[in-house]
Structures are given as C-alpha cells and as structure tokens.
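These are the residues of each chain, in order.
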Amino acid sequence: AGKSTLLAAASAARPKIANYPFTTIVPNLGVCDLGGEGSGLILCDIPGLIEGAAKGAGLGPAFLRHVQRCKVLLHVVDGTSEDPIGDFITINKELKEYDSFLAEKPQVVVLNKLDVPEVKEMEEDLMEELRKA
C-alpha cells in the first residue's frame, strides 16, 4: 500500500520496496528529523495485517505488540484497492480486538495512489468515508 515507500521518503531507512502486497515481513524503523534539536519522530513500518490477525492469522500477533508502543498510528490506505474503506475498517477492527487500547490511539490516515486517475476522481468521496469510518 506504500508504507515502505513513505518510510524511505521520510527517513534514511531503506526498507524493501516492491510492487506487490505484503512486501514487508519485518518491522522497519526510520528516524524523521524535523529540523530542531529534539524535534523528530521515529516511524515504524509494520507488516500489513490481514483479517484474523488479532486471533493469530498471518504475522499479526508477532507485530501487533509493536503497535502497542506507538503513540500515533498512521494508516496508508491503498486507493486502488477494491474496497479501501473496508480495508481500513478491517485493520481498525483487528487493532481493537487485539487490544482495545489501540482503538483509542490517535490516527492519521493517508490515501495513496492519487496519481491513478480513477482514485483521483474518487478522492473526495473516499476521504469523506475514511473520516466517518
């Protein structure tokens, strides 16, 4: 969905980037320097979760514990997905089922693939639906 690409663009991290889903199989960290002393953040690219992750499906349990340490969750939503809103809802459901505290964390949502004409055309509607989800 573009998580590794975002991490590489915002930091000196060099995660594996490929043109297929679930490229990331280990968490990747990157330091993002925001200019002033002490003003920066650490970004963590967590492997994509699948439905059932909270109950042990896929690599979910191995990585959901890392998410517990994060102060803010940044979701990269693939605008070319058949159901980007459903994907976002599924991830949040898995987070909540794993640990209800995760559902309370601040979230930032990034809609990507806006360079694809069909996604660009739906941008406003998708963003409105993501805000409601």
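Check the entry above for the structure.
What you see is a predicted model, and the numbers here were worked out from it, not measured in a lab. Here the residue numbering is sequential within each chain, running from 1 through the sequence in written order. Only residues with pLDDT of 70 or above have their local features reported here, since the model is predicted, and side-chain atom pairs are shown and tallied only from 80 upward, although totals for entire chains, interfaces and linings are computed over all residues. Side-chain numbers come from the whole structure's heavy atoms, not from hydrogens or water.

## Quick word on the overall build of the chain
- Helix numbers and strand numbers start at the N terminus; a helix is a DSSP run of H or I with at least 4 residues, a strand a run of E with at least 2. Scanning the chain for helices and strands turns up four helices and four strands.
- Looking at the chain as a whole, 31% of its 133 residues qualify as buried.
- Contacts were defined at the residue level, with two residues in contact if any of their heavy atoms lie within 4.5 Å. A sequence separation of at least 24 residues applies to 50% of the contacts in the chain between residues at least 6 apart.
- Element-wise, carbon and sulfur atoms account for 56% of the exposed surface of the chain, whose accessible area totals about 8500 Å². Only protein chains enter the accessibility calculation, which uses a 1.4 Å probe; a residue whose area is less than 20% of its type maximum is buried, one above 50% is exposed, and one in between is partly exposed. All accessible-area figures derive from a Shrake-Rupley calculation using a 1.4 Å probe, and residue coverage is judged against the displayed protein chains alone.

## Focus on helix 3 (residues 84-98)
- A helix is expected to span 1.5 Å for every residue after the first. Here helix 3 contains 15 residues, and its C-alpha end-to-end distance of 21 Å stays within 8% of the 21 Å for a straight helix at 1.5 Å per residue.
- Along helix 3, the residues that are buried comprise Pro 84, Ile 85, Gly 86, Phe 88, Asn 92, Glu 94 and Leu 95.

## Observations concerning a nonpolar patch on the surface
- Each patch groups residues whose relative accessible area exceeds 30% and which form no salt bridge, using 9 Å between like charges and 5 Å between nonpolar side chains of Val, Leu, Ile, Met, Phe, Trp and Tyr. Any Lys or Arg side-chain nitrogen found within 4 Å of a carboxyl oxygen on Asp or Glu counts as a salt bridge. Among the surface-exposed residues, Leu 6, Val 72, Leu 74 and Val 108 lie close enough to one another that they form a single nonpolar patch of about 300 Å² accessible area.
- As for its placement among the helices and strands, Leu 6 is situated in helix 1 (residues 3-10).
- The class of Leu 6 is partly exposed, set by a relative accessible area of 36%.

## A closer look at the pattern of salt bridges
- Per the stated rule, a full pass over the model turns up five salt bridges.
- Its salt-bridge partner being Lys 132, residue Glu 128 comes within 3.4 Å of it at the nearest N-O pair. Taken as a pair, Glu 128 and Lys 132 lie in helix 4 (residues 117-132) at a separation of four residues, close to a single helical turn.
- The exposed category is assigned to Lys 132, whose relative accessible area is 59%.

## A closer look at the environment of Thr 90
- Along the polypeptide, Thr 90 turns up in helix 3.
- For Thr 90 and Glu 51, which are 39 residues apart along the polypeptide, the C-alpha to C-alpha distance reads 6.4 Å.

In short, shape yes, function no, at least from these values alone.
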